[in-house]
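What follows is each chain in one-letter form.
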Amino acid sequence: MDFAYSPRVDALRAQLNAFMSVHVLPVNAAFQHALEQGRFPIEALEPIKAAAKREGLWNLFLPALRDNEPGTRLSNLEYAPLAEIMGRVFWASEAFNCSAPDTGNMEILHMFATPEQRTKWLDPLLHGEIRSCIGITEPDVASSDPTNLQTTIIRDGDHYVVNGRKWFTTGALHPNVKFCIVMGLSDTRADANPHNRHSMIIVPLDTPGVRVIRNLPIMQHFAPEGHCEVAYENVRAPAANILGEEGKGFALAQARLGPGRIHHCMRSIGQCEVALELMCARAIERKAFGKHLSEYANIQDWIAESRMEIDQARLYVLRAAAMMDLHGNKAARTEVSAIKVVVSRMQTRILDRAIQVFGAKGLTNDTPLAFFWTWGRALRFIDGPDEVHNRVVARAELRKHKER
Ligand SMILES: Cc1cc2nc3c(=O)[nH]c(=O)nc-3n(C[C@H](O)[C@H](O)[C@H](O)COP(=O)(O)OP(=O)(O)OC[C@H]3O[C@@H](n4cnc5c(N)ncnc54)[C@H](O)[C@@H]3O)c2cc1C
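Residues numbered from 1 in each chain as written. Predicted model: local features only at pLDDT ≥ 70, side-chain atom pairs only at ≥ 80, totals over all residues.

Examining the overall build of the chain
Inclusion rule: Numbering of helices and strands starts at the N terminus; helices are DSSP runs of H or I of at least 4 residues and strands are runs of E of at least 2. Here the C-beta atoms are placed from the backbone, and a residue counts as buried if at least 20 other C-beta atoms lie within 10 Å of its own, exposed if 12 or fewer do, and partly exposed otherwise.
Secondary structure assignment for the chain yields ten helices and ten strands. Judged by the C-alpha coordinates and their principal axes, the chain covers about 75 × 60 × 40 Å. Relative to its 404 residues, the chain shows a buried fraction of 45%.

Structure, rendered in structure tokens:
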């Protein structure tokens, strides 16, 4: 496999880097300050989104655009290095309409939405006019095994009635959010096939009975747009809002998660590059006991190990992206699980070294390091914990030996 960036990708990387310098970095400090104050600065973001759209840096993540839809068609392999650049500033992806969870939601709507759902929900998402969230995880059950989910989605005439409680619903308090894709039980019979009992439904967040209970703080991760606990109490969503077929929620969840993990990994690699740059700059500039920190062997080791780990991880992610392009999401499943474990663990290791080189300052918000560490730690749960992904890799490996 050849992972050299094509001339088209190189041109897009240059364009994206320039865009970040002109439009994103100058407002970064003010943007982060607003987030720290608990306010999502939508007024700062909208002009950047408009500029990105004008420049064709829009919906870069979605390979399967139809003719009248806005965006730049790229393969997963082509998009990956662009996600790395966007990831360097953690809020930047939204400026290009490439942020989670909308990317995953747009992917499943693209694959499974009815024409009516497409007009009402997908088109405004593709144009960046609204945002969305996804409600799978629940406080009361181990949600890494979604057969446990207890929220119910029960047909009642022309509606489905949703009852339950979700948490970690990212973006539920974003100023532009309009709906949540909720996953729950539509077949409550205990003897039903555990993989055909769940459905996904589009729930507009202004429907009576939807209540954001609280925004969960995640260590240093400022998110006024929210990782929210949300109650659904007798929420009546039109039957036309069911996604795909009733009972096929598992298949939808699987279709949604593959490319998203590539995106998360590449954004993390961008953050690791920032950490390594900051680590080197600090080690060159700072003196202790008569020597620059960069002259100490242990710090040189940290720098060298970080460079080697990032380069290995990037190649691994690009290989998973290429497999997805060549053979489909299902065929790349083991690699996609593997990269999620490798990259999230790498992120906390590299960030930990960078924080150490910075001294106590590394723990403050004067640098992005503490935040990036938190993100790496969170990534060990987002889209499934390490242990579940390790199991996928181990099973694939054992299968090879059993088949011998
Ligand atoms: C920042 C952030 C944003 C998130 N955003 C969303 C969102 O938008 N929407 C959403 O629905 N969810 C979201 N999540 C939730 C995330 O997807 C879940 O936390 C994750 O799937 C794990 O589920 P759980 O927390 O219920 O852990 P549990 O299922 O309770 O698992 C707990 C632990 O059990 C162990 N374990 C589980 N399975 C196995 C196994 N097979 N073998 C060995 N050990 C095992 C692991 O150590 C695991 O960490 C988000 C989480 C974070 C941190």
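Once you've had a look at it, read on.
Some points on the site of the ligand
Quick reminder of the rule: Only the C-beta atom, placed from the backbone, is used; a residue is near a molecule or strand if that atom lies within 6 Å of it. Each residue is assigned to one of three groups, with Ala, Val, Leu, Ile, Met, Phe, Trp, Tyr, Cys and Pro labelled nonpolar, Asp, Glu, Lys and Arg labelled charged, and all others, Gly among them, labelled polar. An automatic or database domain assignment supplies the residue ranges for each domain.
Taken together, 22 residues sit near the ligand, with Ile 136, Ala 142, Ser 144, Pro 385 and Glu 387 positioned nearest. Of all the secondary-structure elements, those providing two or more residues to the shell around the ligand are strand E1 (131–135), strand E3 (159–170) and helix H10 (386–402). For the shell around the ligand, the per-class residue count stands at twelve nonpolar, eight polar and two charged. Counting contributing residues, the shell around the ligand receives three or more from each of domain 2 (131–247) and domain 3 (251–402).

Details of the pairing of strand E2 (residues 152–156)
Heads up, the rule is: Note on pairing: DSSP must find at least two bridges between two strands before they are called paired.
Sheet topology places E2 next to E3; five bridges connect them, and they run antiparallel. Considered in E3, the bridge of Thr 152 is made with Asn 163. The antiparallel hairpin formed by E2 and E3 contains two residues in its connecting segment, where Gly 157 sits at a positive phi of about 65°.

Concerning the nonpolar core
Convention followed: The term nonpolar core means buried Ala, Val, Leu, Ile, Met, Phe, Trp, Tyr and Cys residues held together as one set by C-beta atoms within 7 Å. We call two residues in contact when the distance between their C-beta atoms, placed using the backbone, is within 7 Å.
Val 182, Ile 201, Val 203, Ala 275, Val 317, Ala 354 and Leu 369 are the most contacted members of the largest nonpolar core, which has 103 residues in total. Once you skip the residues sitting within four places of it in the chain, Val 182 turns out to touch Gly 135, Thr 151, Ile 153, Val 162, Lys 166, Met 200, Ile 201, Val 203 and Tyr 232.

Some words on the domain arrangement of the chain
Parsing the chain into structural domains produces domain 1 (7–99), domain 2 (131–247) and domain 3 (251–402). Computed from C-alpha atoms alone, the centre-to-centre distance between domain 2 and domain 3 is 30 Å. Between domain 2 and domain 3, the contact holds eleven residues from the first and eleven residues from the second.

Focus: the packing of helix H6 (residues 249–285) against helix H8 (residues 333–358)
Quick note on the threshold: Every axis in this analysis is a line fitted to C-alpha atoms, fitted for helices over the stretch in contact. Angles between the N-to-C directions lie between 0 and 180 degrees. Angle categories: roughly parallel below 35 degrees, roughly antiparallel above 145, roughly perpendicular from 65 to 115, and oblique for all the rest. For any pair of crossing helices, the crossing counts as left-handed if the nearer helix is rotated counterclockwise from the farther one by less than a right angle, and right-handed if it is rotated clockwise.
Running from N to C, H6 and H8 cross one another at 20°; their axes reach a closest spacing of 9 Å. What the angle tells us is that H6 and H8 run roughly parallel. You can see that H6 and H8 cross each other, and the crossing is left-handed. Each residue belonging to the contact of H6 with H8 can be placed in one class, and the counts come to 18 nonpolar, five polar and four charged.

Considering helix H2 (residues 42–54)
Basically, it comes down to this: Take the number of residues in a helix, subtract one, and multiply by 1.5 Å to get its expected span. Of all possible arcs, the one meant is that of the directions from the helix axis to the C-beta atoms.
The terminal C-alpha atoms of H2 lie 19 Å apart, and with 13 residues this matches the ideal 18 Å at 1.5 Å per residue to within 8%. Among the residues of H2, Leu 45, Ile 48, Lys 49 and Ala 52 are the ones counted as buried. Each buried residue of H2 lies within a common arc of 110° when the element is viewed along its axis, so the set occupies one face. Relative to its buried face, H2 has exposed residues pointing more than 90 degrees away, namely Glu 43, Pro 47, Ala 50 and Arg 54. Its buried side turned inward, H2 meets helix H1 (7–36). Immediately beyond the C-terminal end of H2, within one or two residues, lies Gly 56, with a positive phi of roughly 80°.

A look at the pairing of E3
With nine bridges joining them, E3 and strand E7 (residues 227–238) adopt antiparallel strand pairing. Paired with Val 161 across the strands is Arg 236, a residue of E7.

What about the packing of H8 against helix H9 (residues 369–379)?
Between H8 and H9, the least distance of the axes is 8 Å, while the angle of their chain directions is 160°. Classified by the interaxial angle, the pair formed by H8 and H9 is roughly antiparallel. Taken as a pair, H8 and H9 cross one another with a handedness that is left-handed. Taken together, the residues of H9 that come into contact with H8 (itself represented by Ser 344, Gln 347, Thr 348, Leu 351, Asp 352, Ala 354, Ile 355 and Phe 358) are Leu 369, Ala 370, Phe 372, Trp 373, Gly 376, Arg 377 and Leu 379. The residue makeup of the contact of H8 with H9, split by class, is nine nonpolar, four polar and two charged.

Some details on the environment of Cys 265
On the secondary structure map, Cys 265 appears in helix H6. Through-space distance from the C-alpha of Cys 265 to that of Leu 45 is 24 Å; in sequence the pair is 220 residues apart. Contact partners of Cys 265, with chain neighbours within four places excluded, come to Val 317, Ile 339, Lys 340 and Val 343.

Observations regarding the environment of Ala 283
Here Ala 283 shows up in helix H6. Considered as a pair, Ala 283 and Arg 236 are 47 residues apart in the sequence and their alpha carbons are 58 Å apart.

Some points on helix H5 (residues 115–126)
For H5, the set of buried residues is Trp 121, Leu 125 and Leu 126. Looking down the long axis of H5, one finds its buried residues gathered within 130° of arc, a one-sided arrangement. Facing away from the buried surface of H5 by more than 90 degrees, the exposed residues are Pro 115, Glu 116 and Thr 119. In this structure, the buried side of H5 is in contact with helix H4 (102–112), E1, strand E4 (177–185) and strand E5 (198–204). Immediately downstream of H5, the backbone of Gly 128 shows phi near 70°, a positive value.

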